[in-house]
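Below, each chain spelled out in residue letters.
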Amino acid sequence: MTKKVALITGAGQGIGEGIARQLAKDGFEVALAGRHLDKVQRVADDINKDGGKAVAIQSDVQYKDQVFDSVKQTVDQFGQMDVFVNNAGIAHVAQICNTEEEDLNKLLDINVKGTFFGIQAAAQQFKKQKTPGKIINASSIAGHEGFELLGAYSATKFAIRGLTQAAAKELARDQITVNAYCPGIVLTPMWDQIDEEMGQVNHVAKGESLKEYLKGIALGRGEEPQDVANLVSFLASEKANYITGQAIMVDGGIKYV
Ligand code: NAD
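Only a predicted model underlies this, so the values are computations on that prediction, with no experimental measurement involved.

A.B. asks: How would you summarise the site of the ligand if you had to cite specific residues and measurements?
C.D. replies: If you check the shell around the ligand, you find 28 residues, and the closest are Gly10, Gly14, Gly89, Thr188 and Met190. Of all the elements in the fold, those that place two or more residues in the shell around the ligand are helix H1 (14–25), helix H4 (101–129) and helix H6 (189–202). Residue composition of the shell around the ligand, grouped by class: 12 nonpolar, 14 polar and 2 charged.

In structure tokens, the structure reads:
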């Protein structure tokens, strides 16, 4: 592969960590952005030890200047950027009628505005370089169907699907593709949190909510970050050059769209 550089947000754990490790294996030089520098640094150090090229960047995606700065730091370090993965996101469990405005704002700021700023910052850099580029966003099964107790979260993941389509149309003339991945029930710290909060709302023990959701997966197991990373690896590769504006399911058979 000729030199390629990818920036992944929220790369300190879970799906983002899986994507960063996979893209490094694919030959990308990777910039790992995250709110907590120590977490992204740990993953970057591991990748470097394994012979890859990785750098850790502190960046909170809800702040536009920090997102643009993470792209600048990536280019300062590696000389270019070719792929931007808008992975960072948060979940919140509550009935719509009980959702606090503060929690709603946090979800919108991180999941929607963070992705919006990521698209802006990546597109600006690709246009400056006059090279094709790939933007890959984290949607969800909850971006295709609204889930009970995840109303505000679902709204943000639907929004990301809409943004993906609009950005794909606007940026195609610059040979920039924009796609999204839609995981199902991925066994990451996010689902530990969802399980615990659903348990509190429904008065069921820790682990029970997750168990119920896992029953609905046709392939009979929970999803691993690697399952998502495999799709992102494809979307980031030249094999996906003719795909844009899509939000692709990777859920082991939960939703059929
Ligand atoms: P996670 O909570 O395990 O990890 C998310 C990472 O994003 C963390 O490292 C966190 O520090 C970082 N992050 C959070 N807010 C940030 C901010 N403001 N700025 C920068 N980084 C921030 O979650 P995950 O399960 O790995 O999920 C990754 C993405 O995939 C999210 O967008 C999530 O909505 C989406 N997703 C997850 C699942 C799942 O089942 N886990 C399913 C569908 C979609």
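On we go from here.
A.B. asks: Explain the pairing of strand S1 (residues 5–9) to me, and be specific about the residues and the numbers.
C.D. replies: Successive side chains on a regular strand alternate, one facing one side of the sheet and the next facing the other. Burial analysis of S1 places 5 of its 5 residues in the buried class, the great majority of the element. Neither face of S1 is exposed, since Val5, Leu7 and Thr9 on one face and Ala6 and Ile8 on the opposite face are all buried. Two elements, S1 and strand S2 (residues 29–34), share 5 bridges in a ladder whose sense is parallel. Residue Val5 lies in a different strand from S2, and its bridge partner there is Glu29. One crossover worth recording links S1 to the parallel S2 by way of H1, and it is right-handed.

A.B. asks: Provide a residue-level description of helix H2 (residues 37–49), including the pertinent values.
C.D. replies: Compared with the 18 Å implied by 1.5 Å per residue over 13 residues, the 18 Å span of H2 between its first and last C-alpha is a close match. All of the buried residues in H2 are Val40, Val43, Ala44 and Ile47. Take H2 and look down its axis: the buried residues cluster within an arc of 100°, on one side only. Exposed residues lying more than 90 degrees from the buried face of H2 are Asp38, Asp45 and Lys49. Packing partners of the buried residues in H2 comprise H1, S2 and strand S3 (54–58). In the segment just after H2, Gly51 is the residue with positive phi, at about 95°.

Cut-offs and rules
- Residues numbered from 1 in each chain as written.
- Predicted model: local features only at pLDDT ≥ 70, side-chain atom pairs only at ≥ 80, totals over all residues.
- Near = placed C-beta within 6 Å.
- Helix = DSSP H or I, 4+ residues; strand = E, 2+ residues; numbered from the N terminus.
- Nonpolar A, V, L, I, M, F, W, Y, C, P; charged D, E, K, R; others polar.
- Buried ≥ 20, exposed ≤ 12 C-beta atoms within 10 Å, placed from the backbone.
- Pairing = 2+ DSSP bridges.
- Right-handed = clockwise from strand over helix to strand, strands pointing away.
- Expected span 1.5 Å × (residues − 1).
- Arc of directions from axis to C-beta.
- Contact = placed C-beta atoms within 7 Å.

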